[in-house]
Protein chains: 4
Amino acid sequence: MISHFREDIVFYQVREPFSQYASRNTKSRLKVVKAADTQKRFTQYKQRPPIADHGERPRQRAIFLIEVLPSHRSRTLPLTPSYFKTYCCSVKGARMSSRNATCAIIGAGDFIGSAIARKFASEGYTIFAGRRTVEKLEPLKREIEAAGGVCEARGLDARKEEEVTPFLQAADAHAPLEVVIINPGANVYFPILETTERVFFKVWEMACKAGFLTGREAARIMLKHRRGSIFFTGATASLRGGSGYAAFSSAKAGLRMVAQAMARELGPQNIHVAHLVIDAGVDTSFVRERIKAARGEQALAAMPEDALMNPASIANTYWALHQQTRDAWTFELDLRPHGEAW
Amino acid sequence: MISHFREDIVFYQVREPFSQYASRNTKSRLKVVKAADTQKRFTQYKQRPPIADHGERPRQRAIFLIEVLPSHRSRTLPLTPSYFKTYCCSVKGARMSSRNATCAIIGAGDFIGSAIARKFASEGYTIFAGRRTVEKLEPLKREIEAAGGVCEARGLDARKEEEVTPFLQAADAHAPLEVVIINPGANVYFPILETTERVFFKVWEMACKAGFLTGREAARIMLKHRRGSIFFTGATASLRGGSGYAAFSSAKAGLRMVAQAMARELGPQNIHVAHLVIDAGVDTSFVRERIKAARGEQALAAMPEDALMNPASIANTYWALHQQTRDAWTFELDLRPHGEAW
Amino acid sequence: MISHFREDIVFYQVREPFSQYASRNTKSRLKVVKAADTQKRFTQYKQRPPIADHGERPRQRAIFLIEVLPSHRSRTLPLTPSYFKTYCCSVKGARMSSRNATCAIIGAGDFIGSAIARKFASEGYTIFAGRRTVEKLEPLKREIEAAGGVCEARGLDARKEEEVTPFLQAADAHAPLEVVIINPGANVYFPILETTERVFFKVWEMACKAGFLTGREAARIMLKHRRGSIFFTGATASLRGGSGYAAFSSAKAGLRMVAQAMARELGPQNIHVAHLVIDAGVDTSFVRERIKAARGEQALAAMPEDALMNPASIANTYWALHQQTRDAWTFELDLRPHGEAW
Amino acid sequence: MISHFREDIVFYQVREPFSQYASRNTKSRLKVVKAADTQKRFTQYKQRPPIADHGERPRQRAIFLIEVLPSHRSRTLPLTPSYFKTYCCSVKGARMSSRNATCAIIGAGDFIGSAIARKFASEGYTIFAGRRTVEKLEPLKREIEAAGGVCEARGLDARKEEEVTPFLQAADAHAPLEVVIINPGANVYFPILETTERVFFKVWEMACKAGFLTGREAARIMLKHRRGSIFFTGATASLRGGSGYAAFSSAKAGLRMVAQAMARELGPQNIHVAHLVIDAGVDTSFVRERIKAARGEQALAAMPEDALMNPASIANTYWALHQQTRDAWTFELDLRPHGEAW
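Quick notes on the rules
- Residues numbered from 1 in each chain as written.
- Chains lettered and ligands numbered in written order.
- Predicted model: local features only at pLDDT ≥ 70, side-chain atom pairs only at ≥ 80, totals over all residues.
- Heavy atoms only, no water.
- Helix = DSSP H or I, 4+ residues; strand = E, 2+ residues; numbered from the N terminus.
- Buried < 20%, exposed > 50% of the residue type's maximum accessible area, 1.4 Å probe, protein only.
- Contact = heavy atoms within 4.5 Å.
- Areas by Shrake-Rupley, 256 points an atom, 1.4 Å probe, with all protein chains shown as cover.
- Least-squares fit on C-alpha atoms with pLDDT ≥ 70 in both.
- Buried area = accessible area lost by both parts, 1.4 Å probe.
- Salt bridge = Lys/Arg side-chain N within 4 Å of Asp/Glu carboxyl O.
- Polar contact = N/O pair within 3.5 Å; in protein donor to acceptor, adjacent residues only side chain to side chain.
- Nonpolar A, V, L, I, M, F, W, Y, C, P; charged D, E, K, R; others polar.
- Phe/Tyr/Trp six-rings, centres within 6.5 Å; stacked < 30°, edge-to-face > 60°.
- Lys NZ or Arg CZ within 6 Å of the ring centre and 35° of its normal.
- pLDDT = per-residue confidence, 0-100.
- Pairing = 2+ DSSP bridges.
- Right-handed = clockwise from strand over helix to strand, strands pointing away.
- Expected span 1.5 Å × (residues − 1).
- Bend = angle between axes of the 7 residues up to and from the residue.
- Axes fitted to C-alpha atoms, helices over the stretch in contact; angles between N-to-C directions.
- Parallel < 35°, antiparallel > 145°, perpendicular 65-115°, else oblique.
- Left-handed = near helix turned anticlockwise from the far one by under 90°.

Caption draft 1: Geometry of the overall build of chain A. Counting its secondary structure elements, chain A contains ten helices and ten strands. For chain A, the residues scored as buried account for 63% of the 342 residues in total. Across chain A, every contact between residues at least 6 apart in sequence was considered, and the portion connecting residues at least 24 apart equals 80%. Summed over all atoms, the accessible surface of chain A reaches about 12,600 Å², with 52% contributed by carbon and sulfur.

Caption draft 2: Spotlight on the relation of the copies chain D and chain C. You can overlay chain D on chain C at an RMSD of 0.0 Å; the transform is a turn of 180° with a shift of 0.0 Å along its axis. With respect to symmetry, the two chain copies, as superposed, fit the operation of a two-fold axis. Relative to the rotation axis, the C-alpha of Gly254(D) is the closest in chain D, positioned 2.5 Å from it. Here 100% of the interface residues in chain D have copies in chain C that are interface residues too; the copies meet face to matching face.

Caption draft 3: Structural detail: the interface of chain D and chain C. Each partner contributes residues to the interface: chain D has 43 residues there, and chain C has 43 residues. Buried surface at the junction of chain D and chain C, summed over both partners, amounts to about 3,300 Å²; 66% is from carbon and sulfur atoms. When the area that chain D buries against chain C is broken down by residue, the three leading residues are Ile192(D), Leu193(D) and Glu197(D), summing to 20%. Linking chain D with chain C are two salt bridges. Summed over the shared surface of chain D and chain C, the result is 18 residue pairs in polar contact (both at pLDDT 80 or more). The set of elements that each furnish at least two residues to the side of chain D that touches chain C consists of helix H7 (197-225) and helix H8 (246-266) of chain D. Taken together, the residues that form the side of chain D that touches chain C break down as 23 nonpolar, eleven polar and nine charged.

Caption draft 4: Fine view of the packing of aromatic side chains. Tallied over the full model, the rule gives 48 aromatic pairs over all chains. Between Phe201(C) and Trp204(C), the aromatic rings sit 6.0 Å apart at their centres with planes inclined by 40°, giving tilted as the arrangement. Of this pair, Phe201(C) and Trp204(C) both sit in helix H7 (residues 197-225), three residues apart, which is roughly one turn of the helix. The exposure class of Phe201(C) is partly exposed, given its relative accessible area of 25%. Site record: aromatic cluster; members linked through ring pairs are Phe200(A), Phe201(A), Trp204(A), Phe212(A), Phe200(B), Phe201(B), Trp204(B) and Phe212(B). Over the ring of Trp342(B) we find Arg336(B), and its NZ or CZ is 3.9 Å from the ring centre. Above the ring of Trp342(A), the side-chain terminus of Arg264(D) is found at 3.9 Å from the ring centroid.

Caption draft 5: Quick look at the confidence of the model for chain A. Residues and elements named next belong to chain A. Taken residue by residue, chain A gives an average pLDDT of 78. The fraction at 70 or more is 72%. This stretch, residues 1-29, has a pLDDT under 50; its non-local contacts, to residues over four places away or in other chains, come to 124 contacts. Ignoring residues within four places in sequence, the model shows residues 44-95, a span with pLDDT below 50, making 153 contacts including any to other chains. Here the prediction assigns the complex a pTM of 0.78, and the interface score ipTM is 0.75.

Caption draft 6: Up close: the side chain of Glu332(C). Residue and element names in this part refer to chain C. Relative to the helices and strands, glutamate 332 resides in strand S10 (residues 332-335). Taking relative accessible area as the criterion, glutamate 332 reaches 16% and is therefore assigned buried. Within the local environment of glutamate 332, its side chain forms a polar contact with the side chain of arginine 256, the two groups lying 2.7 Å apart. In terms of polar contacts, glutamate 332 uses its side chain to reach the side chain of histidine 275, at 2.7 Å.

Caption draft 7: Quick look at the pairing of strand S9 (residues 271-278) of chain B. Residues and elements named next belong to chain B. The element S9 is extensively covered by neighbouring structure, given that eight of its eight residues are classed as buried. The sheet contact formed by strand S8 (residues 228-235) and S9 spans eight bridges and is parallel. By the bridge assignment, threonine 233 is partnered in S9 with leucine 276. The β-α-β motif built from S8, the intervening helix H8 (residues 246-266) and the parallel element S9 has right-handed crossover chirality. One ladder, built from four bridges, connects S9 with strand S10 (residues 332-335); its direction is parallel. The residue of S10 that forms the bridge with histidine 275 is glutamate 332.

Caption draft 8: Quick look at the environment of Ala261(C). Secondary-structure assignment places Ala261(C) in helix H8 (residues 246-266). Separated by 52 residues in the primary sequence, Ala261(C) and Ser313(C) place their C-alpha atoms 27 Å from one another. Beyond its immediate sequence surroundings of up to four residues, Ala261(C) is in contact with Gly241(D), Gly242(D), Ser243(D), Tyr245(D) and Ala246(D).

Caption draft 9: Local environment of the pairing of strand S4 (residues 102-106) of chain B. All names here are of chain B. The element S4 is extensively covered by neighbouring structure, given that five of its five residues are classed as buried. The two faces of S4 match: Thr102, Ala104 and Ile106 on one face and Cys103 and Ile105 on the other face are all buried. Two strands pair when backbone bridges link them, and S4 and strand S5 (residues 126-131) are joined in this way by five bridges, in the parallel orientation. Looking across to S5, one finds that isoleucine 105 is bridged to alanine 129. One crossover worth recording links S4 to the parallel S5 by way of helix H4 (residues 112-122), and it is right-handed. Direction of pairing for S4 relative to strand S7 (residues 177-182): parallel, over a ladder of five bridges. Across the sheet, residue isoleucine 105 finds its bridge partner in S7, namely isoleucine 181.

Caption draft 10: Fine view of helix H9 (residues 285-302) of chain C. All names here are of chain C. Between its terminal C-alpha atoms H9 stretches only 16 Å, short of the 26 Å expected from 18 residues at 1.5 Å a residue. Arginine 295 marks the point of greatest bend in H9, at about 125°. Along H9, the positions that sit buried rather than exposed are Val287, Arg288, Ile291 and Leu300.

Caption draft 11: Expanded view of the environment of Asp110(D). Residue and element names in this part refer to chain D. When you line up the elements, aspartate 110 lands in the loop between strand S4 (102-106) and helix H4 (112-122). Here the alpha-carbon distance between aspartate 110 and serine 249, two residues 139 residues apart in the chain, equals 22 Å. In this structure the side chain of aspartate 110 is engaged in a polar contact, spanning 2.7 Å, whose partner is the side chain of arginine 131.

Caption draft 12: Representation of the pattern of salt bridges within the structure. According to the stated counting rule, one finds 81 salt bridges over all chains in the structure shown. Between Lys209(B) and Glu197(A) there is a salt bridge whose closest N-O contact spans 2.6 Å. With Lys209(B) in helix H7 (residues 197-225) and Glu197(A) in helix H7 (residues 197-225), the pair connects residues from two separate chains. Looking at Lys209(B), the relative accessible area reads 9%, which means it is buried. Exposure remark for Glu197(A): the relative accessible area of 22% places this residue in the partly exposed category. We note a salt bridge from Lys292(C) to Glu297(C), for which the minimum N-O separation is 3.7 Å. Residue classification places Glu297(C) among the exposed residues on the basis of a relative accessible area of 53%. One salt-bridge network, in which partners are shared between bridges, spans Asp157(A), Arg159(A), Lys160(A), Lys202(A) and Glu205(A).

Caption draft 13: Representation of the packing of H7(D) against H8(D) in the model. Residue and element names in this part refer to chain D. Between H7 and H8, the least distance of the axes is 8 Å, while the angle of their chain directions is 15°. With respect to each other, H7 and H8 are oriented roughly parallel. Helix-helix and strand crossings are classified by hand; for H7 and H8 the assignment is right-handed. On the side of H7, the interface is formed by Val199, Phe200, Val203, Trp204, Ala207, Cys208, Gly211, Phe212, Gly215, Arg216, Ala219 and Leu223, while H8 contributes Ala246, Ala247, Phe248, Ser250, Ala251, Lys252, Gly254, Leu255, Val258, Met262 and Leu266. Taken together, the residues that form the contact of H7 with H8 break down as 17 nonpolar, four polar and two charged.

Caption draft 14: Representation of the packing of H4(B) against helix H5 (residues 138-146) of chain B. All names here are of chain B. The contact between H4 and H5 brings their axes to 10 Å, and the two run at 20°. Classed by the angle they form, the pair H4 and H5 counts as roughly parallel. The two elements H4 and H5 cross, and the hand of that crossing is right-handed. Counted together, Ser114, Ala117, Arg118 and Ala121 of H4 and Leu140, Glu143 and Ile144 of H5 form the full contact between these two elements. Looking at the contact of H4 with H5 residue by residue, the classes come out as four nonpolar, one polar and two charged.

Caption draft 15: Structural view of unusual backbone geometry. The backbone of Arg226(C) shows a phi angle near 65°, a positive value even though the residue is not glycine. With a relative accessible area of 62%, Arg226(C) lands in the exposed category.

Caption draft 16: Main features of the environment of Ala219(B). For Ala219(B), the location among the structural elements is in helix H7. Each C-alpha atom, one on Ala219(B) and one on Arg295(B), is 44 Å from the other, the two residues being 76 residues apart in sequence. Setting aside its immediate chain neighbours within four residues, Ala219(B) contacts Leu193(A), Ile230(B), Met262(B), Leu266(B) and Ile271(B).

Shown next, in the form of structure tokens:
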């Protein structure tokens, strides 16, 4: 979230001991010093609105003055290690750069969708976030704007062509539509006999049809610009029809095929279509609750570092895909935590 | 089956002209001669015990004396080419054995669906054939009945739960529902921008939702009997989202996942769920026309023997799957002609 | 094993109660009666060598006189249900038919390999069984011969070109080589750090290179006859590199690609190449020991019906593939017990 | 990276003629003008702090003043086209930052291997490049050193354990071994009958066994450091046994399984194992020659922009994978040019 932060001094609130938790990337790029005037200088900026709390939970509090090694100044990655929570503050404060391009996110949920929105906003894209309940988008909008970004929050039922088309046209009207993220939800568990016709249809409508409509309309607009990226969020169920997942896997596998066909048709026209298989649980309160319910409080507590995926890390991979040059595009990749059994 | 027919002479009643219908397989193994003493030698066979008849339909009548070439004596396959009707040395022809079991075929089209119906009818199953236009089922019904089988033809829109349920219940009421073949059509080609919401929905409804409804209702009934087979007809598109096939591959891949989830849930309850990937063109007038249109008259004529799949051959594999014992069931297999490039 | 048995009376040693265990196939085709003179008539044939004990363990003993319903006489499948152990005896005794064709089995182990040998022998093929320790082939050879079949047992190290070529040439010299079964073993578990160069090489040599050599030499011979079947035995590891299976899955996946390339090259030349993915444990004393060791005596005893695959059932699928006509060949299929979790 | 370079004017040192080398991507975003006041305005930039240089090698020298079109200001990619060397506003060029870590590249060929070496060198890694003919590594070594990096060139036959182990130990002795790239070659075409035992073995040794040995030894060392990345270069043949590719695809599929097994075993121990499927031709003189030979001079000339993959683009994806945090690692992804048919 501070990718355009140009100063060489930032404040972190770090978990102790730093050396134990900082990633290799981080340690090689940051020098951590407890400066004499840390508190004083920090206080000057306490008032300013915090930037980009990625929904990670605060841990032990210890204020450090961190010097970014010259060779790594103004680098994005080491400044957002998934290992600790950043309140990036600076003398002048970070400001986002902006560019004349829009990134539309369909299904901007609280986790993956929001993290992608934050990431692309931090890279200067105007965000068009669509979600059925527009109210739920308020925190995301406020956060991005607080960080100096632009975010349009719109109520959107992506299953309805008459809503999808104007949504994307509005996005394109604001600034050329360059990125569309299709991030449908609808993960449900139903044994086959309990899967009603209604459930089967609803899940398909949300997880497959909405993606088809959005992808097609996005392509229509991007073909005019002769470029763009359309990324689909997939899941384990996109590749596997597990017991109890007839409806969900049917819809997700259907969405994957839409993405494949689009990639083959649109690639030669300079539109990058990709499908990301999220093959594990994302670190959300919902998932943590489920784990607690299933395996108990202790199991949850005992859960190893990074056993769940940080939405911000997933967003980084969406960004990396968008950075690929068209002579070497990825259509599909998987994402799972290092400790995941698969 | 006449697998144990050990003589080197058999009588066939062949469709004229033989050369046009017999496959190379057959021709390479049989010598067809209109012998002077055909009738006389035929009479000698009359007394011998009849050998089971396959219920393939009588066509134009012409008695041939056929000599099985030595190297192929007592081989099953060349003696039962699906191209013509065999009366293995019996005057009035063998009669079909019957059993107290029903095989329901949803989407009993003129080709694969009908061939499966003929095959299971010949094995003694009562056939319940469902198809949107019941009139189109008449030839199949007559043919099966002419061969001594039982076939109920029903108008059926498999996309409608209120039609699927009674259809299968009626089948089960007639005799225990033991086999359900889900053979949806709907192969369409549409570039992504030309794929209307209506097309995407219709294709899914026919190729995916109908299969889900039928599979679920079949399972409901079979679980009472604690056994049964539910087989889904898949296609190349079940595994690959080709250019121009967003709608079709999305629906077929969705159907495949329904099959996978059902296989995992129902296998332990003694219901065999399988998915057959038909990875090439079936030998139909439609396909031949398309080839002619695409590559010209000559290309069609020059097309090698067995370049297209004979529906009867596909039906034999459905039957073989149904013959598997539950300690070694197949969930998925592919089918393509020997000369197909893949 | 009694596919050519032409009589209408056989004796079965059945598990009680028959009705509970007989498969649908069986019940629909056999009439089970306790004949007055069962014992007497049975005694007459006790002396004769039993045919085809498929390595299934004897269960409760109850002699039944079973009448094969006329419509199903001389049918293979219902007479070899995997549910009970058959001592097929008859007034004249079963006799195998023979044909002028050879089936070579490379890696004719005690289970799958032997079961395939028995099956193809019962269909009249001369068997050429190759295995490193020729002595171990003796029981198989005796059994097939006792049943009236022909079996050549040869010591064979399939990793050696200079042994594979003459082995297959000898088979072809005996009668045209029509079927070659490549059934390599070498399933080993080694964490990556414990996988020595020697282990990695040995496993590859046995599970992959031997298959390549045999497949290539088989093709060379079959191309002369312009027909034949080459079937490879695969495993879960052919598709998945599980933890601890770097060496084994590497070799099996390598073998699968050899099969795929061969199928694409040889199909158009009328040679059927297939790859069967055996995705579960086969019912062998070895596997049962492992289960006992891992989960205890009771777990083994409590194991549901048909939780493990009967080699004879697997062999039936090899046979079914060989029966396919070339207009609709299967390249790959999976096999697992109905209760298996996958 | 100059992702935060916010000016709208940059200086490039471009290969002549620009139009020939700049990609369409680039041309659509940059306006290249030889401005009258180039030198003067260039001088103004001299004072500003240098921004990290990518270690791409200097080519013909010609200073251009390039104006970034407004809509693309502050975008990373167009400012670092892999087609030319960038001196972002610095006279003698920025110097590479260095870090205390080694990246070993096994099979450091002229294209992918070298591009990866350049990329990781530019990110501050010491490069240990291994290749059978050490002389061939000289240009790479010189180039990296010219750009201020460190590169050790070693003659290495990765098929030999006694060479692999010391090679990696030496790399680790120089600085902690953090990245190992396994980039085996050996793509050969042989119809099955022409595939000698020797060819089959050699291809496996180079494309599979060498990768296993290197991966295992890399893991042994990295486990001590409790971190590291091991990336394998795959190909279309890793997933498909094409006609004429029995040997190559067998080896590549085998290597893929080694990678899969390692990923499952080592991920939980904080070692990132990934497999990249390069699904198209890389832009090399060799490939261009083949295209010319196959389709003629004109076809080659008419070949669309970016029809072949630029090794530097592939290298960027290797780098992006290495940047992933362990809570969201990718095991597998594909890479192909936008216009590729697949």
